[in-house]
Amino acid sequence: MPVAEKLDTLQRVELGEGVEVELLPASPLSRGMAWLIDAVVLIAAFIVLGILTAIIGFTGMIDGMGGIASGIGFLLVFAILWGYHVVFEASRRGATPGKRALGLRVVTTGGARVGWTPAILRNLLRVVDSMPVAYLTGICAAMMNRKFQRLGDLVAGTVVIYDRRDRHQLGIVPVVPLAILPQPPPVALTREERQALIRFAERAVLWSDGRRQEIANQVSDLTGTTGLDGVVRLAAMGLWLRDS
Amino acid sequence: MTQQRFEQESEARWRDLENLVQAAEQRRFMAELETLPSRFRQLCADLSLAQHRMYGARLCGRLNALVIRTRNVLVTPQGSSGAAGLVRLWGAFPRTLRREWRLFWLSMLLFWVPFLAMIAAAYYDQRWIFAVLGEEDMRSLDGMYGRDTPTEFLREEFGSDFAMFAFYIYNNVGIGLRTIAGGALATIGAVFTTAAQGVILGAMFGYVHYAGNLERFYTFVAGHSAPELLGLIICGAAGIRLGLAVIKPGMLSRADALRVAGREALPMIYGGPLMVLGAAFIEGFWSASAAPPPVKHMVGIVVWVLVAGYLLLAGRRETDAA
C-alpha cells in the first residue's frame with residue numbers, strides 16, 4: 001500500500017462496473033455534532049408527547065380515555081426510541097436530520113444505500129456503543145479500524161461518510177493565484193509524485209500561508225528554493241502536470 | 001487529450017445524466033430512464049479515464065460523486081422487507097435456532113438455573129428472595145396475588161388492557177433488544193441480563209410461592225409465559241452469538257467476525273423480540289381476562305406445545321441457501 005493511502009482516510013471501493021470510487025468516512029466530531037442535533041430533535045418530540053398525554057390525562061375528556069392515551073404514549077415512546085434513527089437511515093436520504101445537517105450519510109461499506117436490516121442492526125447496537133458515557137465504546141471501536149466504524153457499523157457493515165455532492169465546487173474558487181504560469185518539473189516524476197503535485201496545486205488555496213510553505217519546504221530539492229517562492233514553483237509544476 | 005477538451009466533449013453527456021438521475025430520485029418518469037444503465041457504464045469509464053490521466057480532484061471528485069449518486073438510483077438495497085421478509089423469517093428463525101442449539105441451551109441454563117433456585121429459596125431460605133425484591137415490589141405482588149386479594153380481575157377500567165399491552169411492549173421488548181445489543185460487549189451484557197432476568201423473575205415467582213395465591217398467579221402468567229420467557233432467552237442467545245465474534249473470531253479479523261455474526265444471528269435478532277412482542281399481546285388482552293382458570297391453564301399448556309413444536313419442526317424443508 002503506498003504511503004499516501006496509509007495516511008489518507010479516503011476509502012477506495014471497487015464497484016461491479018470495474019471502477020473505483022472514493023468514500024470519505026466522517027470524523028467523530030461531525031458525527032458527534034449530528035448526534036447532538038438528533039438529541040435535540042428527540043427531546044423536543046418527547047416534550048410535545050409529554051404535554052399531549054398530560055392534557056388528555058388531566059382533562060379526562062371521556063371516561064377511560066386515560067388508559068388509551070397512556071397506551072399510545074408508551075407505544076410512541078417505544079417507536080421513537082428504537083425507530084427514529086432506523087427510519088431515517090433506511091430512507092432514500094440515508095441520514096437522520098442531524099446527519100443531513102452535517103452533510104453525512106450512512107452507506108454500506110460498498111458505498112451503496114443501506115436497507116432496513118443494516119439500519120436496524122447499527123442502531124440496535126447503539127445501546128452498547130453509547131456505553132458507559134458519551135459513546136466511549138463506539139469511539140474506541142472506531143479508533144481501531146480505518147473506516148471509523150463503531151460496533152454497530154461493524155455488525156451491520158456500514159460506514160458514515162461525508163456526502164458532499166458539491167465537493168467539486170471547490171474548484172470554482174481560483175485554485176491558485178492567477179499569476180502562476182504552468183511550468184514543467186525539472187526531473188521525471190513517478191505517477192504518485194505527479195499526483196501529489198496536482199493535489200497540492202488544487203488544494204493550496206484552502207491552507208494558510210504558513211502551512212503551504214511548510215509543505216513546499218519538504219520538497220525544496222525539487223523546487224530549488226524555500227518559502228513563498230517554493231510554493232509558487234510547486235504550484236506551477238502541479239498546474240503544468242494537470243493541464244498538459 | 002487535455003483535461004479541458006475531455007471536459008468540453010463530455011460535459012453535455014454528464015449534464016444529461018445528472019438531469020436523468022435527478023428525475024429518478026424524484027420519481028418522475030421519463031422515457032429516457034431506460035438508457036440509464038448504459039449511460040452509467042459510460043460514466044464509469046469516464047471516471048476511470050479521469051483517474052488514470054490524473055485530471056485533478058475537481059473533476060474526479062465530481063465524477064466520483066455522480067457515479068455514487070447514479071448507482072444509488074440503479075441499485076436498491078438488498079434483502080426482502082415487509083411480508084416477504086416475514087415469510088422468510090418464519091422458517092429461518094427456528095432453523096437458525098437449531099443450528100445455534102448450543103447457545104440456545106446455554107442461554108436456557110443462564111435463565112432457568114437462577115430462576116428455579118429462587119423458587120426453591122421460597123421453601124428453604126426466603127432471605128434470598130427478600131434480598132432481590134424491594135419492599136415496593138413485595139407490596140405490589142401482595143396487592144395483585146396476595147392470599148386475601150379477591151379473585152375478581154383487576155383491569156376494570158376501559159382501555160387499561162391496551163395501556164398494559166403498550167407498557168409490556170415498551171418494557172419487555174426493550175429488555176430483549178438491550179439484551180441482544182449488550183451481547184456485543186464480549187457477551188457480557190447478554191449473559192448478565194439473561195441471568196438477571198432469571199434471578200428477578202425467579203424471586204417474584206418465589207415470593208408468590210411463599211406468600212401469595214398460587215392459583216391466581218399461575219392463571220395470570222400461564223398464557224404468555226412461553227413466548228415471553230423463550231423470547232427473552234433467545235435474545236440472550238443472539239447477544240451471546242454477537243459477543244463470541246469478539247471473544248473467538250476464529251480465522252477472521254474481529255471486525256469481519258462481527259459482521260458475519262450479525263448476518264448469521266439475524267433471524268434470532270428479529271425472532272426473539274418478535275416472540276416477546278407476541279407475548280405482550282397475550283399478556284395485555286388475554287392473561288387478565290375473565291376466562292375461568294382451567295381454560296387459562298389449558299391455553300397456557302397449548303401455547304407452550306405450539307411454541308416448542310414451531311421451534312423444533314418449522315422450516316425443515318427449505319434451507320438457508322435458498
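Whatever comes next refers back to the structure up there.
Note on numbering: residues in each chain are counted from 1, in written sequence order. Naming scheme: in the order in which they are written, chains are lettered from A and ligands are numbered from 1. Residues qualify for local features only when their pLDDT is at least 70, as the model is predicted, and side-chain atom pairs are given and counted only at 80 or more; totals for whole chains, interfaces and linings, by contrast, use all residues. The side-chain values count all of the structure's non-hydrogen atoms but skip hydrogen atoms and water molecules.

Could you give an account of the overall build of chain A, with specific residues and numbers?
Every helix listed is a DSSP run of H or I at least four residues long, and every strand listed is a run of E at least two residues long, numbered separately from the N terminus. Per the secondary structure count, chain A includes twelve helices and four strands. Buried residues are those whose accessible area, probed at 1.4 Å on protein chains only, stays under 20% of the maximum for their type, while exposed residues exceed 50% and partly exposed ones sit between those limits. Expressed as a percentage of its 244 residues, the buried residues of chain A come to 42%. Every residue pair with non-hydrogen atoms within 4.5 Å of one another is taken to be in contact. When contacts within chain A are restricted to residue pairs at least 6 apart in sequence, long-range pairs at least 24 apart make up 64% of them. Working definition of accessibility: Shrake-Rupley area with a 1.4 Å probe, residue cover restricted to the visible protein chains. Accessible area of chain A: about 12,800 Å², with a carbon and sulfur share of 65%.

An account of the interface of chain B and chain A is needed here, citing residue identities and associated values.
Contact residues are listed per partner, giving 52 residues for chain B and 53 residues for chain A. A pairing counts as a salt bridge when a side-chain nitrogen of Lys or Arg comes within 4 Å of a carboxyl oxygen of Asp or Glu. Linking chain B to chain A there are zero salt bridges. Here a polar contact is taken to be a pair of N or O atoms separated by no more than 3.5 Å, where protein atoms must pair a possible hydrogen donor with a possible acceptor and residues adjacent in sequence count only if both atoms sit in side chains. There are nine residue pairs in polar contact (both at pLDDT 80 or more) connecting chain B and chain A. Only helix 1 (3-25), helix 2 (36-52), helix 3 (56-74), helix 8 (160-183) and helix 11 (254-285) of chain B provide two or more residues apiece to the side of chain B that touches chain A.

Which residues make up the pairing of strand 1 (residues 11-14) of chain A, and what values do they have?
Burial of strand 1 of chain A is one-sided: the residues Gln11 and Val13 of chain A facing one way are buried, the residues Arg12 and Glu14 of chain A facing the other way are not. Connecting strand 1 of chain A to the next strand, strand 2 (residues 20-23) of chain A, in antiparallel fashion are five residues, including glycine 18 of chain A with a positive phi near 80°. Whether two strands pair depends on DSSP finding at least two bridges between them.

How would you sum up the side chain of glutamate 228 of chain B? Please name residues and give values.
Residue and element names in this part refer to chain B. As for its position among the elements, glutamate 228 is in helix 10 (residues 214-247). Classification of glutamate 228 as buried rests on a relative accessible area of 12%. Non-local contacts of glutamate 228, meaning those with residues more than four positions away in its chain, are made with Asn172, Val276, Ala279 and Glu283.

Please set out the packing of helix 4 (residues 82-99) of chain B against helix 12 (residues 293-313) of chain B residue by residue, giving values where relevant.
Residues and elements named next belong to chain B. Think of each axis as a best-fit line through the C-alpha atoms, taken over the contacting stretch in the case of a helix, with angles from 0 to 180 degrees between the N-to-C directions. Contact geometry for helix 4 and helix 12: axes closest at 7 Å, N-to-C directions at 80°. Of the possible angle classes, the one that applies to helix 4 and helix 12 is roughly perpendicular. Between helix 4, through Leu89, Trp90, Phe93, Pro94, Leu97 and Arg98, and helix 12, the contact on the second element is made entirely by Tyr310, Leu311, Leu312 and Leu313. Here the nonpolar group is Ala, Val, Leu, Ile, Met, Phe, Trp, Tyr, Cys and Pro; Asp, Glu, Lys and Arg are the charged ones; every other residue, Gly included, is treated as polar. When the residues that make up the contact of helix 4 with helix 12 are grouped by side-chain class, the tally is nine nonpolar, no polar and one charged. What sets the label is the angle itself: under 35 degrees gives roughly parallel, over 145 gives roughly antiparallel, 65 to 115 gives roughly perpendicular, and the rest give oblique.

Go over the pattern of salt bridges with me, naming the residues and quoting the values.
For the coordinates displayed, the defined rule picks out 21 salt bridges over all chains. In this structure, the salt-bridge partner of glutamate 136 of chain B is arginine 139 of chain B, at a minimum N-O distance of 3.5 Å. Here arginine 139 of chain B and glutamate 136 of chain B lie together in helix 7 (residues 135-145), a separation of three residues that amounts to about one turn. Arginine 139 of chain B carries the same exposure label as glutamate 136 of chain B, and that label is exposed. The structure contains a network of salt bridges with shared partners spanning Arg31, Glu89, Lys99, Arg122, Arg126 and Asp153 of chain A.

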